[in-house]
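So you can see what is in the structure, the chains are spelled out below.
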Amino acid sequence: METESEPYVRLATLRQLHRVVAELNTARSLADTLQTVVDGIVAGLGYELACVNLVRPDGDLVVAAFAGDPAAEALITGRVGSRASWERRLTMGENWDGLRFIPHTEGWVLMEDDVPQWHTDGPDPRFEDEWHPEDRLYAPMYASAGELLGVISVDRPRNGRRPGAWGREALQMYAFQAAIAISNARLRANMQRALVRLEREQQALRASEESFRQAFEYAPSGMAIAEMGGDQHGRLLRTNDALCRLLGRPASVLRRYSFSDLVHPEDIGTLLRTSAEGGRAELRLGRRDGTYVWVSLRNSVVADAADGPRFLLTHVEDIEERKRHELQLAHRASHDSLTGLPNSAELRARLGARLCRRPQSVRATAVEALDAAFEGRDAYDGHTGHLGHDGHPVAAEAGGAGEHGFHADGPDRFPGADPFEFPGAPPAPSDGPYDHHVHTVAPATDIDDGTKGLAVLFCDLDGFKSINDRFGHHTGDAVLIEVARRLTTGVRDGDTVARLGGDEFVVLADGLGAADAADLAVRLRNAIIPPIRVDGRAVRVGASFGIGWASCGMSADEVLRSADQRMYIEKRSRSKAHRRAG
């Protein structure tokens, strides 16, 4: 092989080199490729021993493949040499056009480093190019970017000589082809690992999507997916069966809507204030039959991909039953259990809501109050209100008068002003501010002078105690229930009828003058007088009414006490017979 003058030898060597290189490309895995590299050196390049030291991710080199001696293979395969030791070896000795030869005369200094090696002792060379057992020949392999992939180490040439120029070139060409084969094998291995990882991720994604689909579709409570952003923000994209049943609409119809289309008009502000991520809200959604159901919404944002579209996932829980119980509890706390009328606490709350702490010394007449209210009309928009039958203020058209001419503007109507400042009125005393609204005023006398105010009619039943004593509490309760019904029927929708306790009732009627209040008391008394039939027995009660007037500067108890005193004055002014007869 080393007789370079003979072309036949070169041609035979090229044929062997071509064959072993071709075998490099048939190997599939990285391990097969590495073993094929060392086997090709032993089979085709004329060396008895060969190994591949492969660079690991940490930079050190490991003996990854060995050929030629099973004992040596078992001893050093898998052992690791440090990168520093290898770099030292690749800078020593003689540079043979990319190969590195370290003769035995220099290699003795390497006996104690950590590079795995296999060698035997032998006699000194008999001629100049004879191979010594401690000679070392390395063929470094580099990637296309110049990065070291590994080092091929060969030993024991079969002809016993150091390789000549042609042998060196053949080993160098083989190392170049081996580097390509190893790079390709690594690429295939990385691709296979990536494909396996991708398949596992896809399987996990499919499993996750299926789990989500089943959890979404078969959830016992409502679920919806809506768009986020763009012109179709909030539009429902997908709904589950539970939500369709809850709202009485098929999924194909719900996809035309957003939650803002379905929410109760009074709850639209609550919906708009609910944040997309982690937002919660309790509101009412419209059913197909026109009714509304109380639900609890919980939002979360879901990304379709790493930087893909974002969707809004909303959990919709039916809380109608809980809300019904809450309303029932609230009603029980504020209403009389026997008659269903507002109780004493609710009466005081409604009355107190109409009063402010304006002192009596600065009380204005009705005309002055209205003038003061409209004096700053250009600076704000007023709103009006009156007490509804359920006890809550009922708003009228902005800027207009209420049903009974009572205005109730809040502090926010005057931005930047003192919330208790009243425009056009004398300044409040230093001992306490008063609320900023159109003040409730009372007629100056019992003569109707055109002043309208909030009348408080205190009603005490006459003859009720005797009915309770003679016929028992069952009959007495039935009488109270019927009286409550008659009083409620005899007042306007905006008025309040409350049971103060026992046989005492109170009527709040807004926007009345003195004559109107007196007429109302007469009508209510006449409504109570007719006999009441209980268990086939007719019983009869009368009623005494005292008319008081609510006025800012008074407390609710003071107003009720005033009406109570007038009731007793009226009761004492009539004989017992007249009281029962009305």
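Overview of the structure. Predicted model, so just to flag it, every value in this text is computed and none were measured.

**A look at helix α2 (residues 30–44)**
Okay, step 1: If you check α2, its first and last C-alpha atoms are 21 Å apart, about what 15 residues at 1.5 Å a residue would give, namely 21 Å.
Okay, step 2: All of the buried residues in α2 are Thr33, Leu34, Thr36, Val37, Val38, Gly40, Ile41, Val42 and Gly44.
Okay, step 3: A positive backbone phi angle near 85° is found at glycine 46, which sits one or two residues after α2.

**Quick look at the nonpolar core**
Okay, step 1: Counting 36 residues, the largest nonpolar core has Leu137, Met141, Ile152 and Tyr174 as its most contacted members.
Okay, step 2: Mapped by element, the contributors of at least two residues to this core are α1 (7–24), α2, β1 (47–55), β2 (61–67), β5 (99–102), β6 (136–142), β7 (148–157) and α6 (165–217).
Okay, step 3: Per element, the largest residue contribution to this core is eight residues, and it comes from α6.
Okay, step 4: When near neighbours in sequence (up to four residues on either side) are disregarded, methionine 141 contacts Val52, Glu147, Leu148, Leu149, Gly150, Val151, Ile152, Ala175, Ala178, Ala179 and Ile182.
Okay, step 5: The next biggest cluster of nonpolar side chains, apart from the first, holds 32 residues, and it includes Cys459, Leu512, Ala521 and Phe545.

**Here we look at the sheet that holds strand β20 (residues 542–550)**
Okay, step 1: Reading across from one edge, β16-β17-β15-β20 is the order of the four strands in this open sheet, with antiparallel pairing throughout. In this open sheet, the two strands that pair with only one neighbour each are β16 (496–501) and β20. Strand-to-strand twist of the sheet, defined as the mean angle between neighbouring strand axes without regard to direction, takes the value 25°.
Okay, step 2: When strand β15 (residues 453–462) meets β20, the two strands line up antiparallel, connected through nine bridges. Counterpart to aspartate 462 in the pairing with β20 is glycine 542.
Okay, step 3: Where helix α12 (residues 344–353) meets the sheet, its contacts fall on β15, β16, β17 (504–512) and β20, and the angle it forms with β16 comes to roughly 130°.
Okay, step 4: Its contacts with the sheet put helix α17 (residues 556–572) on β15, β17 and β20, and the angle it makes with β20 is roughly 140°.

**Observations concerning the side chain of arginine 89**
Okay, step 1: Its place among the elements puts arginine 89 in helix α4 (residues 83–89).
Okay, step 2: Using a relative accessible area of 0% as the deciding quantity, one classes arginine 89 as buried.

**Brief notes about the sheet that holds strand β11 (residues 292–303)**
Okay, step 1: Across the sheet, which stays open at both edges, the five strands sit in the order β9-β8-β12-β11-β10 with antiparallel pairing between neighbours. Across the chains shown, the open sheet's two edge strands, defined by having one partner strand only, are β9 (236–239) and β10 (280–286). Taking the axes of each pair of neighbouring strands and ignoring which way they run, one obtains an average angle of 35° across the sheet.
Okay, step 2: Pairing of strand β8 (residues 222–227) with β9 involves three bridges; the strand directions are antiparallel. Paired with alanine 226 across the strands is leucine 236, a residue of β9.

Conventions adopted
Residues numbered from 1 in each chain as written. Predicted model: local features only at pLDDT ≥ 70, side-chain atom pairs only at ≥ 80, totals over all residues. Heavy atoms only, no water. Helix = DSSP H or I, 4+ residues; strand = E, 2+ residues; numbered from the N terminus. Expected span 1.5 Å × (residues − 1). Buried < 20%, exposed > 50% of the residue type's maximum accessible area, 1.4 Å probe, protein only. Core = buried A, V, L, I, M, F, W, Y, C linked by side-chain atoms within 4.5 Å. Contact = heavy atoms within 4.5 Å. Pairing = 2+ DSSP bridges. Axes fitted to C-alpha atoms, helices over the stretch in contact; angles between N-to-C directions.

These values are about where atoms sit, not about what they do.
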